[in-house]
Amino acid sequence: MRQAPGSAGWESFVVAPVLDEAITWATGTFDGPRGRIAVGWRVADGHLTIVVDVPGGSEARIRFPDGSTFHTGPGSFTQRRPVN
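Residues numbered from 1 in each chain as written. Predicted model: local features only at pLDDT ≥ 70, side-chain atom pairs only at ≥ 80, totals over all residues. Heavy atoms only, no water.

*Asks:* Just to check I follow, could you spell out the pattern of salt bridges for this structure?
*Replies:* Opposite charge on two side chains allows them to pair when their charged atoms are near. Applying the stated criterion across every chain yields a total of two salt bridges. E11 is the partner of R34 in a salt bridge, and the nearest nitrogen-oxygen pair spans 4.0 Å. Of this pair, R34 sits in the loop between β3 (25-32) and β4 (35-44) while E11 sits in the loop between β1 (2-3) and β2 (12-15), and the two are 23 residues apart along the sequence. You can call R34 partly exposed: its relative accessible area is 35%. (Salt bridge = Lys/Arg side-chain N within 4 Å of Asp/Glu carboxyl O. Helix = DSSP H or I, 4+ residues; strand = E, 2+ residues; numbered from the N terminus. Buried < 20%, exposed > 50% of the residue type's maximum accessible area, 1.4 Å probe, protein only.)

In structure tokens:
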């Protein structure tokens, strides 16, 4: 996770997991100026599951390993996609 270019105060951030066969999951939190950001991802059964909690006043850009991107506002985001 990183603050998006041009963003101030973590109003926009990017989640872009980089998959490696040796690492099948990761989690982390960041207490930013707009609230707690929580990110977790897991690879199991040939699928990648990403969970992101976005605090109020922020938006997240989730970039999947296949190059697709999803934008979401405040709340909890979960998506499962096949790993190619």
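Having seen it, we continue.
*Asks:* Which parts of the structure should I look at to understand the packing of aromatic side chains?
*Replies:* Two numbers describe a pair of aromatic rings. These are the distance of the centres and the angle of the planes. For the structure on display, the rule yields three aromatic pairs. Centroid distance W10 to F13: 6.4 Å. Interplanar angle 45 degrees. Geometry classified as tilted. A relative accessible area of 18% places W10 in the buried class. On the numbers, 4.5 Å between centres and 40 degrees between planes, the contact of W10 with F30 is tilted. (Phe/Tyr/Trp six-rings, centres within 6.5 Å; stacked < 30°, edge-to-face > 60°.)

*Asks:* Before we go on, may I ask you to explain the sheet that holds β2 in this structure?
*Replies:* What the four strands build is an open sheet, ordered β1-β2-β6-β7; its pairing is mixed. Two strands close off the open sheet at either side, each with one partner strand: β1 and β7 (69-72). Two strands pair when backbone bridges link them, and β1 and β2 are joined in this way by two bridges, in the antiparallel orientation. In the sheet register, Q3 faces β2, and the bridge partner there is F13. (Pairing = 2+ DSSP bridges.)

*Asks:* For this particular structure, what's the right way to read the side chain of T72?
*Replies:* Mapping T72 onto the fold places it in strand β7. Among residues more than four places away in sequence, those in contact with T72 are V54, E59, A60, I62 and F77. (Contact = heavy atoms within 4.5 Å.)

*Asks:* For this particular structure, what's the right way to read the pairing of strand β6 (residues 59-63)?
*Replies:* Where a strand is regular, its side chains alternate between the two sheet faces. Alternating residues of β6 divide into A60 and I62, all buried, and E59, R61 and R63, none buried. Across four bridges, β2 lies against β6 in parallel orientation. Bridge pairing in β6 links V14 to R61. Sheet topology places β6 next to β7; four bridges connect them, and they run antiparallel. Within β7, the residue paired with I62 across the bridge is F70. Taken together, β6 and the strand that follows it, β7, pair antiparallel across an intervening segment of five residues, in which G67 is found at a positive phi of about 95 degrees.

*Asks:* Help me understand unusual backbone geometry in this model?
*Replies:* Trans is the prevailing form of peptide bonds, just as negative phi is the prevailing case for residues other than glycine. Unusually for a residue other than glycine, W10 sits at a positive phi of about 60 degrees. Not every positive phi belongs to a glycine, and D45 is a case in point at roughly 55 degrees. One can find D45 in the loop between β4 and β5 (47-54). Owing to a relative accessible area of 72%, D45 belongs among the exposed residues under this scheme.

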